[in-house]
Amino acid sequence: MSPYNRNTLLVGILVVVVIGGVLSYFASGDPDGLEKTQEILGAAEPVHTGVEPPPSVFEGYSLKCLGEGFWGNAVAGVVGSLFVLGGLLVVARILKRRPSRQDPEKV
Amino acid sequence: MHIASGFLSPPVWGTMAAVSGAALAGSLAAARRQLDDRKVPLMGVMGAFVFAAQMVNFPILSGFLAGLPIGTSGHLGGGFLLGVLLGPALGIVAMASVLVIQALVFQDGGVEALGANIFTMGVFPCILGGVVRGLWRKPSWLSYTVTFAGAAIGVLAGATLVILLLDWSVMLPQSVSLLQALGVMDSVHLFIGLVEGAITVAVVRFVLGARREVVFGTTQLVSAGEVKA
């Protein structure tokens with residue numbers, strides 16, 4: 001990996017760990033804009049049959065076994081961010097495995 | 001702004017799943033052509049940034065006038081930001097990854113509502129961001145003003161769309177007119193949109209300073225010799 005790309009990743013991971021792992025602990029617990037709107041309008045109860053998300057140890061952005069405190073939130077924030085980062089790197093790897101036919105530079 | 005499970009009727013979430021699915025398929029095909037060695041880490045890092053930033057709910061209108069929405073919070077949407085920095089295709093791929101992981105791992109947003117959520121927070125603002133990015137070549141106070149306004153408009157349009165989808169799903173109470181519902185939703189999201197604009201401008205400035213040559217729309221200028229790589 002080039003130093004250029006390594007630095008992009010390192011700075012990015014550092015920022016994400018600070019925001020997802022630390023800053024998010026101080027997030028407001030008030031309902032978000034949509035929840036508040038539904039509350040005001042009196043439409044807060046779901047009536048349609050939906051697909052509930054599968055049970056997860058990270059429910060409510062907190063690692064269950066660590067509780068709702070700082071560390072439960074920090075682990076959830078950092079792990080979630082790294083899932084997104086890792087997932088996107090895997091998607092990019094799959095997409096670039098075979099050079100695209102439309103890419104003139106790779107033909 | 002994540003629509004939870006059970007709020008959209010099957011025809012609505014089905015339609016939105018089809019629309020977002022098609023947009024995502026097109027984006028993946030375009031991403032294959034657009035991704036180069038240096039864009040991959042930026043896309044990954046920006047996706048992770050949006051996930052982390054979405055966890056930071058900032059208080060909006062707490063303690064405001066009685067009767068008006070008080071005790072509300074908002075968080076960065078990030079779709080417009082990714083549209084500006086990565087372009088619509090890579091932006092949509094990154095936003096879809098964020099929303100899928102939020103739904104499946106963090107139980108945020110209904111699984112059947114994923115198509116709708118990817119559209120209101122991904123497809124639409126990402127395309128808007130890409131279009132706005134095309135309006136300027138060199139960053140200036142004017143380009144940042146346009147970026148600020150675009151990000152705020154992206155949030156308001158997304159919020160409007162969410163209410164329209166809920167209305168289409170017959171989820172708005174009979175006693176409330178569509179216009180009233182839009183009024184409440186958009187007045188809350190106006191404030192969220194202003195914060196979205198401010199964060200978007202700050203992050204765009206930072207990334208342009210650090211990695212301008214990888215930002216969407218700059219690559220062509222680099223090959224034309226207008227920007228030093």
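Here the structure is a predicted model, which is why all the values come from computation and not from measurement.

> Sorry, what's going on with the interface of chain A and chain B here?
By convention, interface size is frequently given as the accessible area that disappears when the constituent parts associate. Counting residues at the interface gives 53 residues for chain A and 65 residues for chain B. Going through the elements one at a time, helix 1 (3–22), helix 2 (33–41) and helix 3 (70–95) of chain A are the ones with two or more residues in the side of chain A that touches chain B. The leading source of residues in the side of chain A that touches chain B is helix 3 of chain A, at 13 residues. Taken together, the residues of the side of chain A that touches chain B sort by class into 28 nonpolar, 18 polar and seven charged.

> Help me out: how do you make sense of the nonpolar core in this one?
If you look at soluble globular proteins, the nonpolar side chains tend to sit buried side by side. Ranked by size, the top nonpolar core spans 95 residues in total, and within it B:M46, B:L85, B:A94 and B:M95 carry the most contacts. For this core, the elements supplying multiple residues, two or more each, are helix 1 and helix 3 of chain A together with helix 1 (10–34), helix 2 (39–54), helix 3 (79–106), helix 4 (114–133), helix 5 (141–168) and helix 6 (178–211) of chain B. At 19 residues, the largest contribution of residues to this core is made by helix 3 of chain B. Contact partners of B:L85, with chain neighbours within four places excluded, come to B:M46, B:V204, B:V207, B:V215 and B:F216.

> When you look at unusual backbone geometry in this model, what are you seeing that I'm missing?
Across the chain, the bulk of peptide bonds are trans and the bulk of non-glycine residues have phi less than zero. Unlike most non-glycine residues, A:Y61 shows phi in positive territory, near 55°. Relative to the elements of secondary structure, A:Y61 occurs in the loop between helix 2 and helix 3. Its identity is not glycine, yet B:Q107 carries a phi of approximately 55°, on the positive side. With respect to the helices and strands, the residue B:Q107 is situated in the loop between helix 3 and helix 4.

> Is there a simple way to think about helix 2 of chain A in this case?
Note: α-helices contain 3.6 residues per turn, so residues at a spacing of three or four share the same orientation. Listing the buried residues of helix 2 of chain A in full gives A:G33, A:L34, A:K36, A:T37 and A:Q38. Against the buried residues of helix 2 of chain A lie strand 2 (72–74), helix 5 and helix 6 of chain B. Just past helix 2 of chain A, the residue A:G42 takes up positive phi, approximately 75°.

> Help me out: how do you make sense of the packing of helix 1 of chain A against helix 2 of chain B in this one?
Angle between the axes and distance between the axes: these two values describe a pair of packed helices. Closest axis-to-axis distance for the helix 1 of chain A/helix 2 of chain B pair is 9 Å, and the angle between their directions is 5°. The angle between helix 1 of chain A and helix 2 of chain B falls in the class roughly parallel. When helix 1 of chain A is examined against helix 2 of chain B, the residues A:N5, A:T8, A:L9, A:G12, A:V15, A:V16, A:I19 and A:G20 are found in contact with a partner set consisting of B:P41, B:L42, B:V45, B:A48, B:F49, B:F51, B:A52 and B:A53. Taken together, the residues of the contact of helix 1 of chain A with helix 2 of chain B break down into twelve nonpolar, four polar and no charged.

> Would you mind showing me how to read the packing of helix 4 of chain B against helix 5 of chain B here?
Residues and elements named next belong to chain B. Orientation of helix 4 relative to helix 5, taken along the N-to-C sense of each, is 155°, at an axis distance of 9 Å. Considering the angle they form, helix 4 stands roughly antiparallel to helix 5. Helix 5 is crossed by helix 4, and the crossing has right-handed handedness. Residues A116, T120, M121, F124, P125, L128, G129 and V132 of helix 4 form the contact with helix 5, whose own contacting residues are V146, T147, G150, G154, A157, G158, L161, V162 and L165. Its residues assigned to classes, the contact of helix 4 with helix 5 shows eleven nonpolar, six polar and no charged.

Thresholds applied
- Residues numbered from 1 in each chain as written.
- Chains lettered and ligands numbered in written order.
- Predicted model: local features only at pLDDT ≥ 70, side-chain atom pairs only at ≥ 80, totals over all residues.
- Contact = placed C-beta atoms within 7 Å.
- Helix = DSSP H or I, 4+ residues; strand = E, 2+ residues; numbered from the N terminus.
- Nonpolar A, V, L, I, M, F, W, Y, C, P; charged D, E, K, R; others polar.
- Core = buried A, V, L, I, M, F, W, Y, C linked by C-beta atoms within 7 Å.
- Buried ≥ 20, exposed ≤ 12 C-beta atoms within 10 Å, placed from the backbone.
- Axes fitted to C-alpha atoms, helices over the stretch in contact; angles between N-to-C directions.
- Parallel < 35°, antiparallel > 145°, perpendicular 65-115°, else oblique.
- Left-handed = near helix turned anticlockwise from the far one by under 90°.

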